[in-house]
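The residues making up each chain are set out below.
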Amino acid sequence: MTILMQDIRYGIRMLLKTPGITCLAILALTIGIGANSTIFTMVNSILLSPMPFPNVERMVRICEIREGKDKNNIGISGPNYLDLKERSQSYESISLITVRRFNVTGHGEPERIASFLATAGIFHTIGSPMAYGRQFTEEEEEPGKDKVVVLSYGYWNNRYGGKKDILNQQIFLNDIPYTVIGILPSDLGFFDGQAKIWIPLSSDRVKKNRGARDCDAIGMRKEGVSLEQARAELDIISTSLAKEYPETNKNYRIFIEPIAERLIQMMTPTFIVLHGAVGFVLLLACSIVASLLLAKAGVRQKEITIRASLGATRMRVIRQMLMESIILSFLGGLSGLLLTLWGIDLLKILLPSELGPYVTRVGIDHVVLGFTFTVCIITSLLFGLAPALQMSKTNLTAVLNEGGRSSVGRTKSQRILRNLVVVEIAFSLVVLIAAGLMVNSFIRMQSIHPGFDSSNMLTFHLPLTGSKYTVSKKLTFYRNIMEGIENLPGVESVAAPSILPLTWGKSLSFEIQDQQASSEGNVQFGEIRHINPEYFQSMKIPLLKGRYFNSDDEDPDVNRIIINEFMARRYENIGDPIGKFIKIPDWDSKIYQIVGVVDNIKHFGLTSEDRPTMYVPFLHRPYSSLCFAIRTSGNPQRLSTSIRQQIWTIDPDMPIENVCTMDKLIADTMVMNRFNMILVSVLSVIALILSSLGIYGIMSYSVSQRGHEIGIRMAIGAQFGDVVSMVIWQGIKLILIGIAIGLVVAFAVTRFLSSILYGITPTDPSTYLFISLLLISISILACYLPARKATKVDPMVTLRCE
């Protein structure tokens, strides 16, 4: 212990003797360790422990899979759930759950929220007690007794101010009174992000329609039952149900997956990329610190040699040098944790809102501290071992010989330093190329035309649900709202679709009349959208054939339809689709005549493929919700207050959802791509700065070691350009070697980016060339500055010293 304390005190004194090098080393380690700890903190919270429930490793999602050409992971029906619950022996408990949206009124402004409808045992299954109040009982699953509600902790705080007196009071959901009986705890992770209230799932709702697979089941496996055993049992149950109910269960089987599997699948590519980027930044930081310590070693060589001559063993010297590295690493780790706190706040801003429930509880815990401690130990060995080994090799005669200066440039330290320059260039190039690919991909994604003009448009959603809005009242509300909004100052036109663009709609089967049936029949699937007659003109969607809707088409006795260009291709074998007919069996038995063909719209995301889409007038069959896209003459946000007042004048209990511009709606579809691009770009800039500083530091040290040689060259006639070109050429050789190695490594590792790139390959030549030239240019500048400094050596001073 005494020797250890001596090493620590001595190490601190040595670091304080060179404050510039020490501060630069700590800065590099702070960035490297802090970036790694930040990303690991997010991974730990979102992927490794997304739900703070007991026995979360035994929780599974139970769904059904349709066998065939493409396996679709869908929900499970209520009757199948009841049979599964009765026949399975692998679970402690199983609960059924589904999502539904409600209009909430009373206690503040009306709003539209998501709710979980679940069977009574759900809170036992997930192992979550109530913070206040009680959970619902099996009796409250019975029709007429199910008008109770449990609030999420966040929703209770935000809407009701965290007041306990809301318990046993009534709130109105779709104009029906529900009694608040409980409040959930503050940390529900996955579940808290998807619903703000919980309601009993009616037993009638569970028992009906075996073919309606619109629920999920959550199960808790028994202790000792593996995932494979549970799946094997489900295969047996699935086979049995298929035989008993062939009309609804043929070609279906029940499937389970860990509760957070989908989230892990969605986020894993992102975190692999980020961890790879911060890993390269950390290695770059280690190489820079190693080069600084090696440069420092040249100055301390005489000191180490004298210590060895006085009896210090090589192991003792190595241990002393490693202690200095450990001190540096832990100082960098402590400041890196401070950087992590700031980084977490930044990530919470940048991450998509869907991940809000996971990131709100992100923080530095014992797992993160353990990870940071491990990183500190590993990094101290990475950057400290080479300098320690080099400094421990002593040659008393050579070091104490005053004439030994001329051979310093040819020592092993110099060779290691040159190798570190190569490593720094290679690491920087890999991170820069990854950032270049992602920036290029994001630019290409932004350039995709959505199929309509999004400028100066304000969008929002009005849910026409509940007993208040019968079909006739929907029509009246629609007409009043349209008239009121169209008359507002600044409104140019109004588009009123059932579902906004870039939003998934309802897929229905359709049959093209008069078309020869193929081997698979003429039934196909397409999206259907309800719109007002002015929708296409307001959205500026080009008409390719036929005509737009007019007011006459809103007559319920007139069955007319407009299709998109992609769907029109289905008619290529029977000619022009205008005037042809379509039948939609899943919707009604009517035959619709095609009156127009419009251009394709990116309804399913900017990078999605086009799909068949059908448009019908809203008044022909009023939908359960109504969206608006209002084109304005100026800033659309300025109209939001006027529009709210106009709507609440007609219906003061109408919630207004998702008020935002169309441009923001488009931007939100690229939020993960933007998140990846920003973080990797920030890391690449950091890597570029660190590598430039590292190259500058190493070249400056090299120049200082060659000062005697340069002075002699200038004394015998070397000019400014000769000295500069000599130093820069020395750097260029190292840079080109580093670029070559970096290109090979980048070619291998950027393949992991393929799943998050759009319109560009991971080996895009233009990106590789541009980034390489950029790094070469900046690296040459980092070499030029020490080279220019070298020309200021006074030859006479050098000769006098000689």
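Residues numbered from 1 in each chain as written. Predicted model: local features only at pLDDT ≥ 70, side-chain atom pairs only at ≥ 80, totals over all residues. Heavy atoms only, no water.

Draft legend 1. Representation of the environment of Gln170 in the model. Among the secondary structure elements, Gln170 is positioned in strand S7 (residues 170–173). Taking the C-alpha atoms as reference points, Gln170 and Val180, separated by ten residues in sequence, lie 6.2 Å from one another. With near-sequence residues (within four places) excluded, Gln170 lies in contact with His107, Pro177, Tyr178 and Thr179. (Helix = DSSP H or I, 4+ residues; strand = E, 2+ residues; numbered from the N terminus. Contact = heavy atoms within 4.5 Å.)

Draft legend 2. Spatial organisation of the pairing of strand S3 (residues 91–105). Here S3 lies mainly inside the structure; eleven of its 15 residues are buried. Summarising the sheet, S3 and strand S10 (residues 216–221) pair through six bridges and their orientation is antiparallel. Within S10, the position partnered with Ile97 by the bridge is Asp216. Taken together, the eight bridges between S3 and strand S4 (residues 111–118) define a ladder with antiparallel strand orientation. Paired with Ile97 across the bridge in S4 is Ala118. Linking S3 back to S4 in an antiparallel pair, the connection comprises five residues, with Gly106 at a positive phi of about 90°. By the bridge criterion, two bridges tie S3 to S7 in an arrangement that is antiparallel. Opposite Thr105, over in S7, you have Phe172 as the bridge partner. (Buried < 20%, exposed > 50% of the residue type's maximum accessible area, 1.4 Å probe, protein only. Pairing = 2+ DSSP bridges.)

Draft legend 3. Broad picture of a nonpolar patch on the surface. A grouping of Leu283, Ile378 and Leu382 is seen on the molecular surface, where their side chains present a nonpolar patch of about 250 Å² in accessible area. Relative to the elements of secondary structure, Leu382 occurs in helix H13 (residues 366–392). When its relative accessible area of 46% is taken as the criterion, Leu382 is described as partly exposed. (Patch = residues over 30% accessible without salt bridge, like charges linked within 9 Å, V, L, I, M, F, W, Y side chains within 5 Å. Areas by Shrake-Rupley, 256 points an atom, 1.4 Å probe, with all protein chains shown as cover. Salt bridge = Lys/Arg side-chain N within 4 Å of Asp/Glu carboxyl O.)

Draft legend 4. Focus on the nonpolar core. By size, the foremost hydrophobic cluster in this structure holds 83 residues, and its most contacted members are Ile39, Val289, Leu328, Phe383 and Leu753. At the level of secondary structure, the elements contributing two or more residues to this core comprise helix H2 (19–48), helix H10 (261–309), helix H11 (314–350), H13, helix H15 (412–446), helix H21 (671–705), helix H23 (720–749) and helix H24 (765–790). Among the elements that line this core, the one with the most residues is H10, at 17 residues. In this structure Val289 touches Ala25, Ala28, Leu29, Leu328 and Phe383, once residues within four positions along its chain are discounted. Judged by nonpolar contacts, the second largest core, of 37 residues, contains Ile62, Tyr81, Phe102 and Leu241. (Core = buried A, V, L, I, M, F, W, Y, C linked by side-chain atoms within 4.5 Å.)

Draft legend 5. The packing of aromatic side chains, seen in detail. Here the structure, examined in full by the defined rule, presents 16 aromatic pairs. Arranged with centres 6.4 Å apart and planes meeting at 65°, the rings of Phe102 and Tyr178 form a pair that is edge-to-face. Pair noted here: Phe102 is in strand S3 and Tyr178 is in strand S8 (residues 176–183), with a separation of 76 residues, a long-range link. A centroid spacing of 5.4 Å and a plane angle of 70° characterise the contact between Tyr153 and Trp156, whose relative ring orientation is edge-to-face. Residue Tyr153 and its partner Trp156 are both found in helix H5 (residues 153–160); the two are separated by three residues, about one turn of the helix. (Phe/Tyr/Trp six-rings, centres within 6.5 Å; stacked < 30°, edge-to-face > 60°.)

Draft legend 6. Highlighting helix H8 (residues 227–244). End to end, H8 covers 26 Å across 18 residues, agreeing with the expected 26 Å (1.5 Å per residue, within 8%). Along its buried surface, H8 packs onto strand S1 (59–66), helix H3 (78–87), S3, S10, helix H9 (246–249) and strand S11 (252–258). (Expected span 1.5 Å × (residues − 1).)

Draft legend 7. The sheet that holds strand S21 (residues 625–632), seen in detail. In spatial order, the strands read S13-S21-S12-S22; together these four strands make up an open sheet with antiparallel pairing. Each edge of the sheet is formed by a strand with only one pairing partner; in this case those strands are strand S13 (491–495) and strand S22 (657–661). Adjacent strand axes in the sheet meet at a mean angle of 15° when their direction is disregarded. Both strand S12 (residues 457–463) and S21 contribute to a ladder of seven bridges, which runs antiparallel. Looking across to S21, one finds that Leu458 is bridged to Ile630. (Axes fitted to C-alpha atoms, helices over the stretch in contact; angles between N-to-C directions.)

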